[in-house]
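Structure at a glance
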Amino acid sequence: VGASHADIVAYLIKLACGRRLSERPATTVSDPSGEGLKKPRLHLLFGGATSERQVSRQSGIFAGLCLSSQGFDVRFVFMDRAQRFTEVGLFQALHHDVEEIEQLIADKAGQQTLAAEARRVAPGLPGLCDDPTRHLAVGPTQELAQAVAAADVVFSTLHGGVGEDGSIQ
């Protein structure tokens, strides 16, 4: 029919958002023009406990960036080997491998240093975003139910194990 893979995935997610948003309004976020917009908040699950966690990280980054470009408010939610979930910023998600992401989640002092530096340089980057620390933030480690509670839609890029056996779905 002439639709790309990305178009089909975006269409399916928009359908799911439509169902979900009829139950609950989407999160209000600001766009660069300063106007408030309704954007579906999408929690993207990646990482995991299997040997496929590195592939899951790659799939998660690709899907998250594509969905962000389609107007979704994407939040990366990392699953560790104990099947606990932590919302991480794009800065952490873009690291080379899952073990580096785990180290960044554990490094509370490093997180504070990054946040302070982001606030320091943000005034020199007007219009970049309302919250200069958003893509650097690390949320609390939680169980699945709490990690996805604030989402309008959850998109899983988990590979192997619970990502494919139906238990997360």
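A few points on the structure. (Residues numbered from 1 in each chain as written. Predicted model: local features only at pLDDT ≥ 70, side-chain atom pairs only at ≥ 80, totals over all residues. Heavy atoms only, no water.)

1. Remarks on the overall build of the chain
Heads up, the condition is: Runs of E in the DSSP output that reach at least two residues are strands. Runs of H or I that reach at least four are helices, and both are numbered from the N terminus. Relative accessible area decides the class of each residue, using a 1.4 Å probe on protein chains only: under 20% of the type maximum gives buried, over 50% gives exposed, and in between gives partly exposed. It only takes one pair of heavy atoms within 4.5 Å for two residues to be counted as in contact. With residues, only the protein chains shown are counted as cover, and all accessible areas are computed by Shrake-Rupley using a 1.4 Å probe.
Counting its secondary structure elements, the chain contains six helices and seven strands. Ordered by position in the sequence, the α and β elements of the chain form the string α-β-β-β-α-β-β-α-α-α-β-α-β. Evaluated residue by residue, the chain yields a buried proportion of 36% over its 169 residues. Counted over contacts in the chain with a minimum sequence separation of 6, partners at least 24 positions apart contribute 68%. Of the roughly 9,500 Å² that the chain leaves accessible, carbon and sulfur atoms contribute 57%.

2. Examining the sheet that holds strand β4 (residues 73-79)
Threshold: DSSP-based pairing: two strands are paired if at least 2 bridges between them are found. Fitting a line to C-alpha atoms yields each axis, with helices limited to the stretch in contact; the angle taken between N-to-C directions then spans 0 to 180 degrees.
In spatial order, the strands read β6-β5-β4-β3-β7; together these five strands make up an open sheet with mixed pairing. Both edges of this open sheet fall to β6 (138-142) and β7 (153-156), since each of them pairs with a single strand only. For this sheet, the mean angle separating the axes of adjacent strands, direction not counted, is 25 degrees. Relative to strand β5 (residues 85-88), β4 runs antiparallel, the two sharing four bridges. By the bridge assignment for β5, Phe78 is matched with Thr86. Running at roughly 160 degrees to strand β3 (residues 41-47), helix α2 (residues 53-69) makes contact with β3, β4 and β7 of the sheet.

3. Some points on the packing of α2 against helix α4 (residues 98-106)
Quick note on the threshold: Geometric relationships in this document are graded by angle, where less than 35 degrees denotes roughly parallel, more than 145 denotes roughly antiparallel, 65 to 115 denotes roughly perpendicular, and other angles denote oblique. All amino acids are sorted into three groups, where Ala, Val, Leu, Ile, Met, Phe, Trp, Tyr, Cys and Pro are nonpolar, Asp, Glu, Lys and Arg are charged, and the leftover types, Gly among them, are polar.
Closest axis-to-axis distance for the α2/α4 pair is 9 Å, and the angle between their directions is 80 degrees. Classified by the angle their axes make, α2 and α4 are roughly perpendicular. Facing α2, whose interface residues are Arg53, Gln54 and Arg57, α4 presents Val98, Glu99 and Ile101. Partitioned by chemical class, the residues of the contact of α2 with α4 number two nonpolar, one polar and three charged.

4. Here we look at the side chain of Arg57
Note the cut-off: In this count, Lys and Arg are taken as positive residues and Asp and Glu as negative ones, while His and the chain termini are left out. In the sections that follow, a salt bridge refers to a side-chain nitrogen of Lys or Arg positioned within 4 Å of a carboxyl oxygen of Asp or Glu. N or O atoms closer than or at 3.5 Å make up a polar contact, with two conditions inside protein: a donor-capable atom paired with an acceptor-capable one, and, for residues adjacent in sequence, both atoms drawn from side chains.
Among the structural elements, Arg57 can be located in helix α2. No salt bridge is formed by the buried Arg57; the nearest opposite charge belongs to Asp97, separated by 7.1 Å. Of the polar contacts made by the side chain of Arg57, one reaches the backbone oxygen of His96; its length is 3.4 Å. Ignoring anything within four residues of it in the chain, the contact list for Arg57 reads Phe46, Gly47, Ala93, Leu94, His95, His96, Asp97, Val98 and Ile101.

5. Thoughts on the packing of aromatic side chains
Short version of the rule: By convention, a stacked pair of Phe, Tyr or Trp rings (six-membered ring in the case of Trp) has centres within 6.5 Å and planes under 30 degrees apart, an edge-to-face pair has planes over 60 apart, and any other such pair is tilted.
Tallying each qualifying case throughout the model produces two aromatic pairs. Residues Phe46 and Phe76 carry aromatic rings whose centres are separated by 6.1 Å and whose planes lie at 85 degrees to one another, so their mutual orientation is edge-to-face. Separated by 30 residues along the polypeptide, Phe46 in strand β3 and Phe76 in strand β4 bring together distant segments of the chain. Each member of the pair, Phe46 as well as Phe76, carries the same accessibility label: buried. When its relative accessible area of 0% is taken as the criterion, Phe46 is described as buried. Taken together through their ring pairs, the aromatic side chains of Phe46, Phe76 and Phe78 make up a single cluster.

6. Remarks on the nonpolar core
Quick reminder of the rule: Nonpolar core, defined: a set of buried Ala, Val, Leu, Ile, Met, Phe, Trp, Tyr and Cys residues in which side-chain atoms within 4.5 Å join the residues together.
Membership of the largest hydrophobic core comes to 19 residues, with the highest contact counts inside it found for Leu44, Phe46 and Phe76. Put simply, the parts of the chain that give this core at least two residues each are α1 (5-23), β3, α2, β4 and α4. Beyond its immediate sequence surroundings of up to four residues, Leu44 is in contact with Gly60, Ala63, Gly64, Leu67, Val74, Arg75, Phe76, Val77, Phe155 and Thr157. If you look at the next biggest cluster of nonpolar residues, it comprises nine residues, including Leu45, Val77, Ala147 and Val162.

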